[in-house]
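Structural overview for review
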Amino acid sequence: MADDAPPPDEARGDGGSGETGRPPDPPRPQTDHDGKDAPRQSRWGNRIGENRGQAVNAGRIDGGVHYHEYIGEGTTRRLRQAARLSPERVGEVRATFCPPDEGKHAAFQSELRFHGVGVITGKPGTGRAFSAVHALDGVRPGTSIEELTIDTGEKDAGISLISLDSDHSRFLDLTSLTRPTTTQLVALRSLVEDARDARALLVLIAGTGQRQEFLAEYQAWLHIDAPASAVDVFRRAMGQRCGPDTADRWLRYPEVRDVLEGAEPSRALRLAQEADRSRRHGRMPGEDEAVWIKEVLDSFADATEEMARWFNRHDAETECSRVLMATVALLEGGHREVITRHADRLAREWHIPPLWRTPISGEGLTAHLWELGAHVIEDRVHFNRRGGADDALDYLWREHPGAREHIQEWASTAVTDLDSPQRAVAAQRWLRLARRHRDAAPVRALIERWGRSGTGMWEAVPAIAEAAVTPELGTQVRSVLYQVARGAGVTLRDRTVLEACRVYGRVQPSTALTRIRHIAEKVPTHWDQAVIRALEDIAGETPNDSVVLEELVSWTERPERGRRSFVAALALCRILDAREDDTTPRVMAEVNRREIDRDLVAVAWRAASRSGSKVGKPLWSWFDALEAGGGGHSGAFDVLRRAGSGHEALSRTLTRSIGRWKHAHARRSPVLDDLAHCLSTHEEKR
C-alpha cells in the first residue's frame, strides 16, 4: 500500500493545501487582550497545560510551542501506559500467570537466575511475554521491568542504542528479526555481553526456529508449545479476586465451562475481571449466585454470535440495513445527516438499493436505527450498548475480509465530515481494532489515507503514535513510518509521520529520531521549524536530552548532508537554550547536577556553532545563569571551557559573545572573565 501511486493532491506535493510542499496552516496562536502573542506558559511540550487547540506550522512558529487539541500531555501519558510495564501490570501477571508446564518454567527461572540471560521461544499468542515478565519478577522481585524494542529499519536493528543497568530487568522481542544480518548479530552479542557486565537480567523472546538459527548459545531456554488453559487461568484469576471457593463454584456451571472452552487465556482473564467488577458494583452478599453468574455471562456474551444472528435476519432485499450498521459503526457520534448521507453513498458504491427510495419513503431513520440497536440523542447517532461500534467493526473485519480495503478507503473520506472530537474517537476505534486483531492494517490506513488529508491527519496522529509503542503493533507500525520517511518526494504523509514521531518519541526516542532524520534530509526549508519543534519536544521529556543531543551531533558530522546538518545545529541551539526555570537552561542544570555527560554537551556546543549567529542566544542564556550563580568552577563553566578549547570557530564566538555581554550589561563579570582567560590561554599554547 505504501508504494501505490499518490492521489492527485499528493502528486502536486501540497497535501491539498494549495501551496507546493507546504503543510496545512494551523489555527492561529493564542493571543492576549491586546492582540499580541500570549506569553509562553512553558517552553516544553509535556509541560504545556494551556496551549491547547493549536498545531505546528511548518513554515512559521508564532509564540510558544503549538499543539493540536489532541496532541499533548494526555496522549503522552497514555503512550507511557501502553509502552511501560507498571508495577500494577507486573502484579497482575504474578497474580494470574498459569504456565502450561510449571516444571519447565521453574527450571527456566532457575537457569535465568544463574546465567542472567535467557531465551523464550514459541508462537505469538502463547504467552511468551507473560512468561518473561513472571520469570524476571521471580528472579528479582520488585525490580522495574522494561520492554525493549528493535528497529528493523536500522542496520543494527537499533540494538546498539540500548543501554543496560542492574536497576532494571528487561525483555526484548526478536520475532520480527527473521533473517538477522551479521551487523545485527554482532550488536545482539554485544548487548548480551553488556547485560552480563552490568549484572542485569535480560530475556530474549523469539520465534520457534530462531533459537536454532542464532540464539542456540544461550543456555537458559524455555520453549512454550501452547498457551495456558483458559480454565486454569480463570481459576487462578477468579481465586485471586473472589476467593478459591467462589472460583470452583463458578466452574461447576456448564455455561461457564462453555464460555471458556477453547478460549484464549486473555478471555478467561476478562471474564474474571467482569465478575469482580459486577461483585464490587451493586451485587449484595448472599444474593443468588446463579443470578450473578447469569448476569455476568449475559454482559460478557460473545458479540460475534449476536452480530451473526442480526446479519442472518437481513437478506439481499434488506441489505441496506447492513450498510447502515457499518456506517454507524465507523462514524458513531456523527450528526444524523452525516450518517444518512454516507450510508447512502456507501450503498451506491456497493450497488445496493438505498435505504430510502424517495426522501420520505420507509419508516424513517429512527426506526431503522432502533432495529439495529442504535438511537439518536441531541441529533447524534449512537449505539444503545457501549462498545457496540467495536463489536460491529469486529464482525465486519472478521467475517467479511473482502470489504476491509474498501471500508478503510471509504471511511478515510467520510470522517472528514465529522467534528474534530468525533474524528479522534474514530481514529482510536481503528487503533483498538488493530490491537484486538494484532493487525497493523487499520493503523497503516491512518498513516497512508488519513495522513494525506489536512483534515484527518491531526486526529490520526495520537492513535498512530500509540500504535508505534504497543507490544502488539509497534514493530509493524514503526516499519510503515520508516517506509514513508525513506520514500521519495515530500507529501503530507511525511508531516503525519513527523508529528507521530514527535509524540511517541517522548516515550521511545531512538527509533523516532531515526525516522525524523530521514525526513529532515528531504523536506524543503519551510519545514525546518516543524522538524526542530519535534526534536525539542522529544528532548524535553526526561531523560531524553542525552539521546537527542548525541543524535543531533551525529547529523552534523556528515558535511554532505548540508540541510540536515544546519537543521540539527538550529535544534541544538534551541535545546541548549531551553529553560528549566526562569533563569537556568535545562541542559545547564543537568550538567551541574551531573545528570548528563559533560563531554557530550561540549561536543553539542561545537555542533551548534554551525548555525552561525544563532548560537549567540543560547550562549547569552548560559552567561546569564553563570553570572547569576557566580559559579566559576561549576560543571557548566567547565563545559563551555572544553567546548571552546581546541575549536577555533566556537572559541572566537565565545570570546566575541563575552565581550558583547559585558558591553550590554555595562559591568565586569569575574566568571566570564575567567572563561575568556581560559580560552585565550589555550589559544596561546597552541
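How each quantity is defined
Residues numbered from 1 in each chain as written. Predicted model: local features only at pLDDT ≥ 70, side-chain atom pairs only at ≥ 80, totals over all residues. Heavy atoms only, no water. Phe/Tyr/Trp six-rings, centres within 6.5 Å; stacked < 30°, edge-to-face > 60°. Helix = DSSP H or I, 4+ residues; strand = E, 2+ residues; numbered from the N terminus. Buried < 20%, exposed > 50% of the residue type's maximum accessible area, 1.4 Å probe, protein only. Axes fitted to C-alpha atoms, helices over the stretch in contact; angles between N-to-C directions. Parallel < 35°, antiparallel > 145°, perpendicular 65-115°, else oblique. Left-handed = near helix turned anticlockwise from the far one by under 90°. Contact = heavy atoms within 4.5 Å. Nonpolar A, V, L, I, M, F, W, Y, C, P; charged D, E, K, R; others polar. Pairing = 2+ DSSP bridges.

1. With respect to the packing of aromatic side chains
A complete count under the given rule lists four aromatic pairs for this structure. Ring centres of Phe 234 and Trp 250 lie 6.1 Å apart, and the angle between their planes is 40°; on these two criteria the pair is classed as tilted. One end of the pair, Phe 234, is in helix α8 (residues 230-242); the other, Trp 250, is in helix α9 (residues 244-251), and 16 residues separate them in sequence. Taken as a pair, Phe 234 and Trp 250 share a single burial class, namely buried. Between Trp 605 and Trp 622 the ring centres are 5.1 Å apart and the planes differ by 90°, which places this aromatic pair in the edge-to-face class.

2. Brief notes about the packing of helix α26 (residues 545-555) against helix α29 (residues 598-608)
For the pair α26 and α29, interaxial distance at closest approach is 9 Å and the crossing angle is 45°. As judged from the angle between their axes, α26 and α29 are oblique. Considering the relative orientation of α26 and α29, their crossing is left-handed. Contacts between α26 and α29 involve Ser 546, Leu 549, Glu 550 and Val 553 from the former and Leu 600, Val 601, Val 603, Ala 604 and Ala 607 from the latter. Grouping the constituent residues of the contact of α26 with α29 by class yields seven nonpolar, one polar and one charged.

3. Some words on the sheet that holds strand β5 (residues 220-224)
Taken together, the five strands give an open sheet; going across it, the order is β2-β3-β4-β1-β5, and neighbouring strands pair in parallel fashion. In this open sheet, the two edge strands, each paired with only one partner strand, are β2 (144-148) and β5. The average undirected angle you get between the axes of adjacent strands in this sheet is 20°. Where strand β1 (residues 117-122) lies against β5, five bridges are found, and the strand directions are parallel. Across the sheet, Ile 120 pairs through a bridge with Leu 222, a residue of β5. Taken strand by strand, helix α4 (residues 102-115) contacts β1, β4 (202-206) and β5, and its axis lies near 155° from that of β5. Together, β1, β3 (168-173) and β4 form the strand contacts of helix α6 (residues 182-197), whose direction differs from that of β4 by roughly 150°.

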